Amino acid sequence: MTPDPTDIRVLLVDDQDLFREGVRVIVDAQEGMSVVGTAGDGLEAVHLVDELTPDVVLMDIRMPEMDGVEATRQIFAADRVARRTAAGAGPVRVVVLTTFNLDDRAATAIRHGASGFLLKDTTPIQLRDAIRTVHAGNAVLAPGDLTALMAGSFVAPTPTPTSYLELTDKEREVFAAVARGLSNTEIGALVFASESTVKTHVGAILRKLALRDRVQIVVYAHEHGLT
């Protein structure tokens, strides 16, 4: 069956054929999403992201040839992102798949650009919801888990970039709230603004700091000691 062009386009990456095909069946059974390709290792995944321009990549963390961490790093390398953008491709989101909760490799993948991680024993409903969540630009793990991952990933903060200093006072308030994992509704109540205004502030923050999504705001905050 030909995928609906409005579907969320998913690329599956795992070195175990049986697991990969099982996930394919689950994803294809969901309304509004379809699998556009599969890969058995990270090296193949990097090439298929360029070729197939998926919206979401489900990336196994441990694979031969090239693991999911390195594949994620290459997918979000500046030159590759620039080429995809120039070709008119939309943003790609990566969710790493792991058998260990709070995996240090998952933390590294998130620092490289992944939008979070899922345990391999997740339910079909959780998988469906995770794909939709990252496609919308959000993280797929609880704020507390994301903070715990990031807190152990940086030995010492690096200097604050000048671009952060260019944020307005209100944008810094919103930045801090996003870094804590608050939703737009919660942030609106905190800074006395409507949800649409919060979305505008978040968009300005992402643009000024050259970040892809809210997950990267959390990473940026930890990296520069701004939590």
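So, a few notes on the structure that sits alongside this text. (Residues numbered from 1 in each chain as written. Predicted model: local features only at pLDDT ≥ 70, side-chain atom pairs only at ≥ 80, totals over all residues. Heavy atoms only, no water.)

## Thoughts on the overall build of the protein
Item 1. The helix and strand inventory of the protein stands at 12 helices and five strands.
Item 2. Against the globule reference of 17 Å for 227 residues, the protein gives a C-alpha radius of gyration of 17 Å, in line with a compact fold.
Item 3. For the protein, the proportion of its 227 residues judged to be buried stands at 47%.
Item 4. In the protein, once contacts between residues fewer than 6 apart in sequence are set aside, the share between residues at least 24 apart is 67%.
Item 5. Carbon and sulfur atoms form 54% of the exposed surface of the protein, whose accessible area is close to 11000 Å².
Item 6. Here the protein contributes 22 positive and 31 negative side-chain charges, whose respective centroids are spaced 6 Å apart. (Helix = DSSP H or I, 4+ residues; strand = E, 2+ residues; numbered from the N terminus. Rg over C-alpha atoms; globule rule 2.2 N^0.38 Å. Buried < 20%, exposed > 50% of the residue type's maximum accessible area, 1.4 Å probe, protein only. Contact = heavy atoms within 4.5 Å. Areas by Shrake-Rupley, 256 points an atom, 1.4 Å probe, with all protein chains shown as cover. Lys, Arg positive; Asp, Glu negative; His and termini not counted. Charge placed at Lys NZ, Arg CZ, Asp CG, Glu CD.)

## Concerning the pattern of salt bridges
Item 1. Under the defined criterion, the tally for this structure stands at 12 salt bridges.
Item 2. One salt bridge in this structure joins Arg-93 and Asp-213, with 3.2 Å as the shortest N-O distance. Of this pair, Arg-93 sits in strand E4 (residues 93-98) while Asp-213 is found in the loop between helix H11 (195-209) and helix H12 (214-223), placing the two residues 120 residues apart along the sequence.
Item 3. Overall, the relative accessible area of 11% leaves Arg-93 in the buried class. (Salt bridge = Lys/Arg side-chain N within 4 Å of Asp/Glu carboxyl O.)

## Some remarks on the packing of aromatic side chains
Item 1. A complete count under the given rule lists two aromatic pairs for this structure.
Item 2. Summarising the aromatic geometry, the rings of Tyr-164 and Phe-175 are spaced 5.2 Å apart at their centres and angled 65° between planes, so their arrangement reads as edge-to-face. Within this pair, whereas Tyr-164 is found in helix H8 (residues 162-165), its partner Phe-175 is found in helix H9 (residues 169-179), the two being separated by 11 residues in sequence.
Item 3. Among the residues examined, Tyr-164 registers a relative accessible area of 11% and is labelled buried.
Item 4. Classification of Phe-175 by relative accessible area gives buried; the value is 1%.
Item 5. Judged by centre distance (5.9 Å) and plane angle (80°), the rings of Phe-175 and Tyr-220 are edge-to-face. (Phe/Tyr/Trp six-rings, centres within 6.5 Å; stacked < 30°, edge-to-face > 60°.)

## Comments concerning the nonpolar core
Item 1. Of all hydrophobic cores here, the largest spans 28 residues; its most connected members are Leu-11, Val-13, Val-57, Met-59, Ile-75, Val-94 and Val-96.
Item 2. Residue assignment for this core shows that the elements contributing at least two residues are strand E1 (8-13), helix H2 (42-52), strand E3 (56-60), helix H3 (68-75), E4, helix H5 (104-112) and H12.
Item 3. Here this core takes five residues from H2, the largest share from any one element.
Item 4. Setting aside residues up to four positions removed in sequence, Val-94 forms contacts with Val-57, Met-59, Thr-72, Ile-75, Phe-76, Ala-114, Ser-115 and Gly-116. (Core = buried A, V, L, I, M, F, W, Y, C linked by side-chain atoms within 4.5 Å.)

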